[in-house]
Amino acid sequence: MLSRVAERIYWMGRYMERSENMARLVNVNSHLLMDLPKGIRVGWGSLIHISGTGKYFNRGDTDQADERTVVRFMLSDRDNPSSLLNTLSWARENARITREIIPMEGWELINNLYLEVKDNLSKSVARRERNRTLHTVITSIQQFTGLLAGCMSHNSAYDFIRIGRNLERADMTTRIVDAGSANLLPHLLGEEDVLEPYDNILWMSVLRSLSAYQMYRQHVQDRVNAEDVVTFLLQDALFPRAVSHSLGELESFLKKLPNSDEALRAVTGVRRRVRTANIPELLQNGLQEYIDHLQLEIADVHRQIAGTWFLPVTPLVESE
Amino acid sequence: MQIDWREYACGDFYDELISSPGNPRKAARHLANYLASLNSDELQERKLSAELAIKTMGITFTVYSDAGNIDRDWPFDIIPRVISQKEWEKTERGLIQRLTALNCFIDDIYNDRKIIKDGVFPEELLADSKNFRSECVGMKPALGVWAHVCGTDLIRDHKGQFFVLEDNLRVPSGVSYMLENRKVTKRVLPELFENHAILPVTEYPNQLFDTLAAISPRPLDFPEVVVLTPGIYNSAYFEHSYLAQQMGVELVEGCDLVVEDDTVYMRTINGLARVDVIYRRIDDLFLDPEMFNPDSVLGVPGLMRAWLKGNVALANAPGAGVADDKLVYTYVPKMIKYYLDEDPILPNVPSYLCNDKKDRDYVLANLDKLVVKPANESGGYGMLMGPQASKKEREAFAQKIKANPRNYMAQPLMALSTSPVVTSRNAEPRHIDLRPFILQGREHHVTPGGLTRVAMTKGSYVVNSSQGGGSKDTWVVVEGDK
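What should I look at first to understand the overall build of chain B in this one?
For chain B, the helix and strand inventory stands at 15 helices and 25 strands. Taken over the C-alpha trace, chain B has a radius of gyration of 23 Å; the compact-globule value for 482 residues is 23 Å, and the two agree within 12%. Considering only C-alpha atoms, chain B reaches an extent of 70 × 60 × 45 Å along its principal axes. Within chain B, contacts between residues separated by at least 24 positions form 69% of all contacts whose residues are at least 6 apart in sequence. Here chain B displays about 18,900 Å² of accessible surface, and carbon together with sulfur accounts for 49% of that area. Averaging the locations of the 55 positively and 66 negatively charged side chains of chain B gives two centres separated by 5 Å.

Structure below.
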């Protein structure tokens, strides 16, 4: 397969995953809000922290930003490279370029999803409509994943999509863990004892943002608590959105590709660091630094992949 | 309001579906009756679902001037244009005859030049032809074929006679829209396929692949064939991608290819892989910055060297455009006689060459009755529609002709045939043309029908999609009940 196509299709996988994650994040925060009593303010700004898009937010202090502003920024702001509209648009452009590689229905699905979301997004600031749009996004992307699994040859192109998806997924889960442990909690005003009863709800919402709540309950019998949640999301080998699992998937797809030594070395390194982490200790001290480091290593995995298989330079070609 | 064919105004033109008010042509009878049976809501509902299908399928084209807006949905009318199979058979033979002669001509021009020596074709026409490539002199491509893919534009006059308007031998486009139009019709009017025996169009990608595979320089069962596109900003990108997908081959851009030791390779995740045949959708002058336009970033340095050495096949061959010239066009009937010793089956539109003094004087005196075209443009750019132009525009154009007579030819304004389109109220006639696609490799293939382009504005003759034209599905129908 062509190097240029490998690159485009990898990014299509990443952007589709990112779109789903964006939709989940906004959705979960909207639900969380309804479960908390009046007077406890949920930090909408934390969504901006999680997605790492603070530098594109130009409407003042992210911590003070209200729901409408943040939701609009996350969903439809053209200046925010990770807004849902932009990530879907990039997924669509990459799918358009690789249209001859993925099944025809796959392209139609992405194309339709983008057009539908674009038409409905301005209405989606209101909670009711928002819920429906985000639900459409999540189910359509799941449908896309299923369509490829069922209708596309499991060839290198398919591997590159899954590599993109799992790398993006691992990255997003580290961000959510980071936000859950560092950003989300302090945004609730009030003292420890006010907070205490809602601690549970908050960690549940972290799990829900990754559709992990049910699987977590099956796996961990104890009540929802920080240590178990963080351990589950980072180290569980079986849950698809746990960092360790995503990296394991990544490793198995990379092994199928030619010349994969460098990329494999990078990914096994991160995976070892995730599996051997002492979570209770990190929760006491240094979780944030640890996660920052993980994210840098994940970025390095991307660099190795790009260096091995993509075109050395991709000049943007304009026609006459 | 329902469609009532008795109220359909055919006018002085040949209508493809309705021979006179109330009387559908034999091959179109089922279709016309079916359409008349739909009420207004049903008709509009089908029109809307076609628009939706086109949006969903992402059938788009790009207009060069639309900066920032990458693509537009493909304008489509749901009423198919119908041609009877009997009539089509003759047309098909005419198209094959024509392309065969054109390929003999191109091969002759770049090698022995017998047609010039025998005084049938004037050498001076070649001397300043924009599409003659001296770099190709002496080249002998596989099978003696230079133009493997040809899109020939046909029109019908008021009597229903087909005429050839022009032959597109460089990078003719539109075939994907022909294929997609059929898919859209199947989605929105599935009932119609029960009562009609309509020749399928789906074989085209396979035939194209066979045509390309036949010219591979290496005798392999599965030669590496690729489609070379200028990229996503090209107006026909949709088609490039579509054809690559349908043939199951790689769609490459210039940056994917590299020439080493006069051999072409593509950069893959496994390293370099040899390429045998390139179906290139880039104009000659952008193919190879070493030989042609040095600023081209679309092409591949060294590509021409590899082709001249016979290490890679290019379709269409560089230089094939020499026959895609509106002045050379006027000699095609003579070529057919000269090379094949046959009478042309499909006539040319009568033409006046501006470099001929007598013809030029006639053209300048009759600009208000003629269509004047530049010899080497396509897409309807740079032409004068005499009868519709203002006096000032005609005068300005006369100056252009005098300044560079070789560059212009003129034809009478042909009364293009019409076909009904769905309007917001009922059905009205609109002018159309037809672009069938002809392949030549080891054997010939002609698409059954082709791409019917429609001037969507009432009375207009301009069918180019870049200038507001639309299209229709085209049926070649086996007469008699299915």
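Would you take a moment to explain the sheet that holds strand β14 (residues 277–280) of chain B for this structure?
Within a sheet, neighbouring strands are paired by backbone hydrogen bonds and run either parallel or antiparallel to one another. All names here are of chain B. Spatial ordering of the open sheet is given by β10-β9-β14-β15, a layout of four strands whose pairing is parallel. Of all the strands in the sheet, the pair left with one neighbour each is β10 (250–252) and β15 (313–315). Recorded for the sheet is a direction-independent mean angle of 30° between the axes of neighbouring strands. Across three bridges, strand β9 (residues 225–228) lies against β10 in parallel orientation. When the sheet's bridge partners are listed, valine 227 is paired in β10 with leucine 251. Strands in contact with helix α8 (residues 204–213) are β9, β14 and β15; relative to β14, the strand with the most contacts, it is inclined by about 130°.

Would you mind showing me how to read the sheet that holds strand β13 (residues 271–274) of chain B here?
Residue and element names in this part refer to chain B. Sheet architecture is open: three strands sit in the order β11-β12-β13, paired in antiparallel fashion. Where the open sheet ends on each side, the last strands, each with one partner, are β11 (257–260) and β13. In this sheet, neighbouring strand axes are inclined to one another by 40° on average, regardless of whether the strands run parallel or antiparallel. Of the pairings in the sheet, the one linking strand β12 (residues 263–268) to β13 comprises four bridges and is antiparallel in character. Across the sheet, the residue bridging to arginine 267 is leucine 272, located in β13.

Just checking my understanding: could you explain the nonpolar core for this structure?
Burial of nonpolar side chains together is a common tendency in soluble globular proteins. Counting residues in hydrophobic clusters, the biggest one holds 172 residues, and the most contacted among them are Phe160(A), Ile106(B) and Ile278(B). Element by element, the count of residues in this core is highest for helix α1 (residues 3–35) of chain A, at twelve residues. Both of domain 1 (98–138 + 198–340) and domain 2 (352–412) of chain B provide at least three residues apiece to this core. If we skip the residues at most four places from it in the chain, Ile106(B) touches Trp146(B), Ala147(B), Leu169(B), Gly319(B), Ala320(B), Val322(B) and Ala323(B). Counting 63 residues, the second largest nonpolar core, distinct from the first, contains Leu43(B), Met178(B), Val184(B) and Phe193(B).

Teacher, can you tell me more about the packing of helix α3 (residues 85–110) of chain B against helix α13 (residues 332–340) of chain B here?
Residue and element names in this part refer to chain B. In contact at an axis separation of 9 Å, α3 and α13 are set at 80° when each is read in the N-to-C sense. Compared by their axis directions, α3 and α13 come out roughly perpendicular. Contacts between α3 and α13 pair Gln97, Arg98, Thr100, Ala101, Leu102, Cys104, Phe105 and Asp108 from the former with Val332, Met335, Ile336, Tyr338, Tyr339 and Leu340 from the latter. For the contact of α3 with α13, the class distribution of residues is ten nonpolar, two polar and two charged.

Mind showing me how you'd approach the interface of chain A and chain B here?
By a widespread convention, an interface's size corresponds to the accessible area lost as its parts come together. Taken together, the contact between chain A and chain B spans 31 residues of the former and 35 residues of the latter. In total, about 2,900 Å² of surface goes out of reach between chain A and chain B, with carbon and sulfur atoms giving 54% of it. Here chain A and chain B share three salt bridges between them. Here Glu108(A) makes a salt bridge to Arg187(B), at a shortest N to O gap of 3.2 Å. Where chain A meets chain B, there are twelve residue pairs in polar contact (both at pLDDT 80 or more). Going through the elements one at a time, α1, α4 (84–97), α5 (104–120) and α7 (156–184) of chain A are the ones with two or more residues in the side of chain A that touches chain B. Per-element accounting of the side of chain A that touches chain B gives the leading share, six residues, to α5(A). Residue composition of the side of chain A that touches chain B, by class: 17 nonpolar, six polar and eight charged.

Teacher, can you tell me more about the packing of α5(A) against helix α6 (residues 127–151) of chain A here?
When two helices pack together, their arrangement is captured by the angle between the axes and the distance separating the axes. Residues and elements named next belong to chain A. Across the interface, α5 lies against α6 with an axial gap of 10 Å and an inter-helix angle of 170°. Our classification of the angle between α5 and α6 gives roughly antiparallel. Facing Glu105, Gly106, Leu109, Ile110, Leu113, Glu116, Val117 and Asn120 of α5, the residues of α6 in contact are Thr133, Thr136, Val137, Ser140, Ile141, Gln143, Phe144 and Leu147. Looking at side-chain class alone, the contact of α5 with α6 contains eight nonpolar, six polar and two charged residues.

Help me understand the domain arrangement of chain B in this model?
Residue and element names in this part refer to chain B. Annotation of chain B at the domain level lists domain 1 (98–138 + 198–340) and domain 2 (352–412). A C-alpha centroid distance of 30 Å is found between domain 1 and domain 2. In this complex, domain 1 contributes twelve residues to the contact, which on the side of domain 2 involves eleven residues. For the domain 1 face of the interface with domain 2, the top three residues by lost area are Lys130, Lys326 and Leu327, together amounting to 58%. Counting every contact that joins domain 1 to domain 2 gives one salt bridge. Ionic pairing is found between arginine 406 and aspartate 325, a salt bridge with its closest N-O pair at 3.1 Å. At the junction of domain 1 with domain 2, the criterion picks out two residue pairs in polar contact (both at pLDDT 80 or more). Take the side of domain 1 that touches domain 2: its biggest share by element is three residues, from helix α12 (residues 326–329). When grouped by side-chain class, the residues that make up the side of domain 1 that touches domain 2 number four nonpolar, three polar and five charged.

Hey, could you run me through the confidence of the model for chain B in this one?
Caution is warranted with low-pLDDT regions, since their predicted coordinates should not be read in detail. Taken as a whole, chain B shows an average pLDDT of 90; of its residues, 95% reach a score of 70 or greater. Both scores are available for the predicted complex, with the pTM at 0.83 and the ipTM at 0.76.

When you look at unusual backbone geometry in this model, what are you seeing that I'm missing?
Peptide bonds are, in most cases, trans, and in most cases residues other than glycine have a negative phi. Residue and element names in this part refer to chain B. Cis geometry is adopted by the peptide bond preceding asparagine 316, which originates at alanine 315 and carries an omega value of -10°. Relative to the helices and strands, asparagine 316 resides in the loop between β15 and α12. Of note, the phi angle at aspartate 262 is positive, near 55°, even though the residue is not glycine. The phi dihedral of aspartate 341 falls on the positive side, at around 50°, and the residue is not glycine.

Just to check I follow, could you spell out the packing of aromatic side chains for this structure?
Two measures describe an aromatic ring pair: the distance that separates the ring centres and the angle between the ring planes. On inspection of all chains with the given rule, the structure shows 22 aromatic pairs over all chains. Relative to Trp307(B), the ring of Trp146(B) lies with its centre 6.1 Å away and its plane at 75°, an arrangement referred to as edge-to-face. Of this pair, Trp146(B) sits in the loop between α5 (123–127) and β6 (149–156) while Trp307(B) is found in helix α11 (residues 303–308), placing the two residues 161 residues apart along the sequence. Accessibility expressed as a relative area gives 2% for Trp307(B), which makes it buried. With centroids separated by 5.5 Å and ring planes inclined at 70°, the aromatic side chains of Phe397(B) and Tyr408(B) adopt a geometry described as edge-to-face. Of this pair, Phe397(B) sits in helix α15 (residues 391–403) while Tyr408(B) sits in strand β19 (residues 408–412), and the two are eleven residues apart along the sequence. Here the two residues Phe397(B) and Tyr408(B) agree in accessibility, since each one is buried. Three or more aromatic residues joined by ring pairs form one cluster here, namely Tyr10(A), Trp11(A), Tyr15(A), Trp90(A), Phe160(A), Trp309(A) and Phe310(A). Directly above the ring of Phe292(B) sits Arg133(B), whose terminal nitrogen or CZ lies 5.9 Å from the centroid.

What counts and how
Residues numbered from 1 in each chain as written. Chains lettered and ligands numbered in written order. Predicted model: local features only at pLDDT ≥ 70, side-chain atom pairs only at ≥ 80, totals over all residues. Heavy atoms only, no water. Helix = DSSP H or I, 4+ residues; strand = E, 2+ residues; numbered from the N terminus. Rg over C-alpha atoms; globule rule 2.2 N^0.38 Å. Contact = heavy atoms within 4.5 Å. Areas by Shrake-Rupley, 256 points an atom, 1.4 Å probe, with all protein chains shown as cover. Lys, Arg positive; Asp, Glu negative; His and termini not counted. Charge placed at Lys NZ, Arg CZ, Asp CG, Glu CD. Pairing = 2+ DSSP bridges. Axes fitted to C-alpha atoms, helices over the stretch in contact; angles between N-to-C directions. Core = buried A, V, L, I, M, F, W, Y, C linked by side-chain atoms within 4.5 Å. Buried < 20%, exposed > 50% of the residue type's maximum accessible area, 1.4 Å probe, protein only. Domains from an automatic or database assignment. Parallel < 35°, antiparallel > 145°, perpendicular 65-115°, else oblique. Nonpolar A, V, L, I, M, F, W, Y, C, P; charged D, E, K, R; others polar. Buried area = accessible area lost by both parts, 1.4 Å probe. Salt bridge = Lys/Arg side-chain N within 4 Å of Asp/Glu carboxyl O. Polar contact = N/O pair within 3.5 Å; in protein donor to acceptor, adjacent residues only side chain to side chain. pLDDT = per-residue confidence, 0-100. Phe/Tyr/Trp six-rings, centres within 6.5 Å; stacked < 30°, edge-to-face > 60°. Lys NZ or Arg CZ within 6 Å of the ring centre and 35° of its normal.

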